[in-house]
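Structure at a glance
The chain contents come next:
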Amino acid sequence: MKNLLVILFLIGATTMSAQSISKNALGIRIGDNDGFGGEISYQRYLHENNRLEFDLGWRDSNNIEAFKLVGLYQWVMPIDGGFNWYVGAGGGLGSFDAGENDGTFALVAGDLGIEYDFDFPLLISLDMRPELGFNDSYSDDLDLDIALGVRYQF
C-alpha cells in the first residue's frame, strides 16, 4: 500500500510539473559567433516536452560574411513558474564569403538554454549553441554561439 501511494504521488508530481509548449513560435535570435549576427527563428511543437527549432541566420565580421540554416531537436523541462530550461542537438548548412575565398560549410550543433514564457504570447530565451564546423576555410573548430531570443507564440 505504501509503495502504491509513493507511485501515485510521483505520477501526480510529474503530470503537475508538465508545461505546455506553444504550437508555433516565431521571432529573432541575436548573438555572437565569429562576428555579430542575427537569426530568424521558428519553433514547432512536437510532443509535450519536445520541439523543433529552425534558424536562418547571417554573420558579419571584419573579414567574412556568412549565412546558415540550422535545425535542432530540443527537450524542454520546466523549472518554476514560467521558466523552462532546454537542451538540444542538430546540424546545419551554410555559405560564406571571405573576399577571394568563398564556399559552403556544414556543422553539427548542441543547444543549452533557459527561457521565460510570459502570460501573454511572448517567449524570451538565453542560450549557448556550441557549433563544430566542417570547412577549413571558414570554421573547422568549436565555436560558442551565445544568443538572446525573442519569439511570438501562436
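See the structure shown above.
Residues numbered from 1 in each chain as written. Predicted model: local features only at pLDDT ≥ 70, side-chain atom pairs only at ≥ 80, totals over all residues. Heavy atoms only, no water.

Here the structure, examined in full by the defined rule, presents 12 salt bridges. The salt bridge involving Arg 59 is made with Asp 145; its shortest N-O contact spans 2.8 Å. One end of the pair, Arg 59, is in strand S3 (residues 50-60); the other, Asp 145, is in strand S8 (residues 142-153), and 86 residues separate them in sequence. The two residues Arg 59 and Asp 145 agree in class, both being buried. (Salt bridge = Lys/Arg side-chain N within 4 Å of Asp/Glu carboxyl O. Helix = DSSP H or I, 4+ residues; strand = E, 2+ residues; numbered from the N terminus. Buried < 20%, exposed > 50% of the residue type's maximum accessible area, 1.4 Å probe, protein only.)

Turning to the pairing of strand S4 (residues 65-80), a few remarks are in order. In summary, the side chains of a regular strand alternate between the two faces of the sheet. Pairing between S3 and S4: 11 bridges, direction antiparallel. Pairing of Arg 59 across the sheet is with Ala 66, part of S4. The sheet contact formed by S4 and strand S5 (residues 83-98) spans 15 bridges and is antiparallel. For Glu 65, the partnering residue across the bridge sits in S5 and is Asp 97. Between S4 and S5, which pair antiparallel in sequence order, lie two residues; one of them, Gly 81, sits at a positive phi of approximately 60°. (Pairing = 2+ DSSP bridges.)

Our focus in this paragraph is empty space enclosed by the protein. Within this structure, the stated rule accounts for three cavities of 30 Å³ or more. Taken as a whole, the second largest cavity holds about 50 Å³ of empty space. Taken together, 11 residues make up the lining of the second largest cavity; nearest its centre are Ser 20, Ile 21, Arg 51, Asn 84 and Glu 115. Of the residues belonging to the lining of the second largest cavity, the class tally is three nonpolar, five polar and three charged. (1 Å grid on protein atoms, 1.4 Å probe; cavity = no way out; pocket = protein on both sides within 12 Å on 5 of 7 lines; lining within 4 Å. Points joined across faces, edges and corners; volume = space filled by probe spheres on them. Nonpolar A, V, L, I, M, F, W, Y, C, P; charged D, E, K, R; others polar.)

Turning our eyes to something else, we now look at the pairing of strand S6 (residues 101-117). Judged from the 16 bridges that link them, S5 and S6 form a sheet pairing that is antiparallel. Bridge assignment links Asp 97 to a residue of S6, and that residue is Asp 102. Where S5 hands over to S6, the hairpin turn is made up of two residues, of which Gly 99 adopts a positive phi near 75°. Pairing of S6 with strand S7 (residues 122-133), which is carried by nine bridges, proceeds in the antiparallel orientation. Within the sheet, the bridge partner assigned to Asp 117 lies in S7 and is Leu 123. The antiparallel pairing of S6 with S7 creates a hairpin that spans four residues between the two strands.

Note that all results are geometric; they support no functional claim without further evidence.
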